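Okay, here's what each chain looks like letter by letter:
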Amino acid sequence: MNLMLEWLAALLVVVAAFFLLVGAIGLVRLPDFYMRLHAPTKSSTLGVGGVLLASIVVAASQDRFGLAELLITLFVFVTAPVSANLLAQAALHQKLPSQAEPPSDLPPQDPQASV
């Protein structure tokens, strides 16, 4: 395998590991469900994408097309945002409270109006 491709694959794995670490730290440290949901879904998509790109680089250096890696990438990039959206909708349906401050430019709402 070409030394330059090895370094590129290693760099992609290190960048992916950084994103996955940031997502894990966000999952542990953020205060409520909605914020905890945001951190790992975004960063895990980037982390898994980086690992799969490294795998595609390795496959290309071995004269393989890397079809499996492309299919996994497509699957991850489609399913991760959809599952996060469904989890957030379920939490909203259960009226799970959030600690986030509402935007200041919104008018105040009557709590009885949403019943």
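That block above? That's the structure.
Fair warning: this is a prediction, and the values are worked out from it, not measured in the lab. (Residues numbered from 1 in each chain as written. Predicted model: local features only at pLDDT ≥ 70, side-chain atom pairs only at ≥ 80, totals over all residues. Heavy atoms only, no water.)

**Here's the deal with the overall build of the chain**
In step 1: Check the secondary structure of the chain and you find three helices and zero strands.
In step 2: Helices and strands in the chain line up, N terminus first, as α-α-α.
In step 3: Over its C-alpha trace the chain gives a radius of gyration of 20 Å, far above what one expects of a compact globule, namely 13 Å for 115 residues.
In step 4: Taking the principal axes of the C-alpha coordinates as reference, the chain spans close to 65 × 25 × 25 Å.
In step 5: For the chain, with 115 residues in total, the buried portion stands at 23%.
In step 6: Partitioning the contacts of the chain with sequence separation of at least 6, the portion at a separation of at least 24 is 69%.
In step 7: Here the chain has roughly 8600 Å² of accessible surface; of this, 72% comes from carbon and sulfur atoms. (Helix = DSSP H or I, 4+ residues; strand = E, 2+ residues; numbered from the N terminus. Rg over C-alpha atoms; globule rule 2.2 N^0.38 Å. Buried < 20%, exposed > 50% of the residue type's maximum accessible area, 1.4 Å probe, protein only. Contact = heavy atoms within 4.5 Å. Areas by Shrake-Rupley, 256 points an atom, 1.4 Å probe, with all protein chains shown as cover.)

**A short note on the packing of helix α1 (residues 3–29) against helix α2 (residues 33–61)**
In step 1: Contact pair α1 / α2: the axes reach a minimum separation of 8 Å and the direction vectors enclose 165°. The angle between the axes of α1 and α2 places the two elements in the roughly antiparallel class. The interaxial crossing formed by α1 with α2 has left-handed handedness.
In step 2: Its residues assigned to classes, the contact of α1 with α2 shows 20 nonpolar, seven polar and one charged. (Axes fitted to C-alpha atoms, helices over the stretch in contact; angles between N-to-C directions. Parallel < 35°, antiparallel > 145°, perpendicular 65-115°, else oblique. Left-handed = near helix turned anticlockwise from the far one by under 90°. Nonpolar A, V, L, I, M, F, W, Y, C, P; charged D, E, K, R; others polar.)

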